[in-house]
Amino acid sequence: MATAVLALQGAFAEHEARLAELGENTIELRSADDLARPFNRLVLPGGESTVQGRLLKELGMLGPLRERIEDGMPVLATCAGLILLAQRLAAHDDKGTPRLATMDVTVERNAYGRQLGSFHATAEVAGIGPDVPMTFIRAPRVVDVGKSALALARVDGNVVAVRQGAQLGVAFHPELDPDLRLHRLFLSL
Ligand code: GLN
C-alpha cells in the first residue's frame, strides 16, 4: 500500500521526499485514472486552494476523494489542503469554489495580511510534543473549530493544527522543515 499525494499543483514533491525519508511509498494523483491505483492514505499539499479545488472538480476527482475521506481514509492536509478540507470559509472568502468540505472547521484564507505573508514559528502540537517548527506561507487561519474537530496547536492564540478522526489539517508547511514528527503522526493514523 502507498500514500497518495495530490499532485495537481503546489508543494507535493516536498511531501513525497519527507514520506520517502520515513520509508513510505507514494504515488501521485494527477487524474481520475490514478484513483484506481492502490493507496490507503492521502496528502493534500499546500499551493493555491482555488486552483486545486477547480481542478479536482473538473477532473472528476472531488467526489471520489470526498467519499474515501468520509469513509475514514487518513488524510494530511497542509495549508491550501486545509482550506480544501474545511466545511466552511469566512464569508468574504466563500466564492463557491469546489472543496472537499469534510472537516468541521471554518477557515479564513490569507489571514495574516501582506506584511506577514510568510513567517516561521515553533509551538507544541498535542500528541507530538513541543517545539514543532512551523513555516507559514500566505497561510489560512482556523477561525472556528466545530464540535467534531479538535484543535491540536495554537500560535499567538490562533489554531494552526486540527484533527477530526483520521483527518489531520495544519495551516503551516511541515514538509518544508526537517522535523518529521507530523508526517510520522499521519502515518500512525
Ligand atoms: N493562500 C493559499 C490559498 O488560499 C494557501 C497558501 C499555501 O498553501 N501556502 O489557497
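About the cut-offs
The residue numbering used here restarts from 1 in each chain and proceeds along that chain's sequence as written. Where totals are concerned, whole chains, interfaces and linings use all residues; where local detail is concerned, this predicted model gives features only for residues with pLDDT of at least 70, and gives and counts side-chain atom pairs only at 80 or more. As a rule here, side-chain values come from all non-hydrogen atoms in the structure, and water together with hydrogens is ignored. By the criteria applied, helices consist of DSSP H or I runs no shorter than four residues and strands consist of E runs no shorter than two, each listed in order from the N terminus. Here the globule rule reads 2.2 Å times residues to the power 0.38, and the radius of gyration is calculated from C-alpha atoms. Between buried and exposed lies partly exposed: a residue is buried under 20% and exposed over 50% of the maximum accessible area for its type, with that area taken using a 1.4 Å probe on protein chains only. UniProt positions are given in the numbering used here, feature names are shortened, and annotations may be inferred rather than shown by experiment. Only heavy atoms matter for contacts: two residues are in contact if any of them lie within 4.5 Å across the pair. A 3.5 Å cut-off defines polar contacts: any pair of N or O atoms within that distance qualifies, except that in protein one atom must be a possible hydrogen donor and the other a possible acceptor, and neighbouring residues in sequence count only when both atoms are side-chain atoms. Nearness here has a simple test: a residue counts as near a molecule or strand if at least one of its heavy atoms is within 4 Å of that partner. A 1.4 Å probe and the Shrake-Rupley method give the accessible areas. Residues count as covered only by the protein chains that appear here. Three residue categories are used. Nonpolar comprises Ala, Val, Leu, Ile, Met, Phe, Trp, Tyr, Cys and Pro, charged comprises Asp, Glu, Lys and Arg, and polar comprises the others, including Gly. Each residue carries a pLDDT score, the predictor's confidence in it, ranging from 0 to 100. One speaks of a salt bridge when a side-chain nitrogen belonging to Lys or Arg is within 4 Å of a carboxyl oxygen belonging to Asp or Glu.

What follows covers the overall build of the chain. The number of helices and strands found in the chain is five helices and 12 strands. For the chain, the C-alpha radius of gyration of 15 Å lies close to 16 Å, the compact-globule estimate for 189 residues. Projected onto the principal axes, the alpha-carbon positions of the chain cover approximately 40 × 40 × 30 Å. Taking all 189 residues of the chain together, 55% fall into the buried category.

Per the UniProt entry, the sites bearing "binding site: L-glutamine" (unreviewed entry) are Gly 47, Glu 48, Ser 49, Arg 109, Ile 137 and Arg 138 in this numbering. Considering the C-alpha atoms alone, the annotated residues occupy 92 residues of sequence yet fold into one spot, their largest mutual distance being 12.8 Å. With respect to the helices, strands and loops of the structure, Ser 49 is situated in helix α2 (residues 49–58). Setting aside its immediate chain neighbours within four residues, Ser 49 contacts Ala 80, Ile 83, Leu 84 and Arg 109. Topologically, Arg 109 is positioned in the loop between β6 (103–108) and β7 (118–125). The class for Arg 109 is buried, based on a relative accessible area of 17%. Beyond its immediate sequence surroundings of up to four residues, Arg 109 is in contact with Glu 48, Ser 49, Thr 50, Ile 83, Asp 93, Ala 139 and Pro 140. Polar contacts involving the side chain of Arg 109 include one to the side chain of Ser 49, which spans 3.5 Å.

Now for the site of the ligand. Taken together, Gly 46, Gly 47, Glu 48, Ser 49, Cys 79, Ala 80, Ile 83, Arg 109, Asn 110, Ile 137, Arg 138 and His 173 form the complete shell of residues around the ligand. At a separation of 3.0 Å, an oxygen atom of the ligand approaches a polar backbone atom of Ala 80. At a separation of 2.8 Å, a nitrogen atom of the ligand approaches a polar side-chain atom of His 173. Here the ligand, which alone exposes 300 Å², has 96% of that area covered by the protein. Its residues assigned to classes, the shell around the ligand shows four nonpolar, five polar and three charged.

A separate point is the confidence of the model for the chain. The predicted coordinates ought not to be read in detail in places where the model reports low pLDDT. In the predicted model, the chain carries a mean pLDDT of 96, and the fraction of residues at 70 or more is 98%. Among the prediction metrics, the complex's ipTM stands at 0.96, with pTM recorded as 0.97.

Further remarks concern the pattern of salt bridges. A full pass over the atoms with the stated rule returns seven salt bridges. In this structure, the salt-bridge partner of Arg 88 is Asp 104, at a minimum N-O distance of 2.9 Å. In this pair, Arg 88 sits in strand β5 (residues 86–89) while Asp 104 sits in strand β6, placing the two residues 16 residues apart along the sequence. One salt bridge in this structure joins Arg 141 and Glu 108, with 2.8 Å as the shortest N-O distance.

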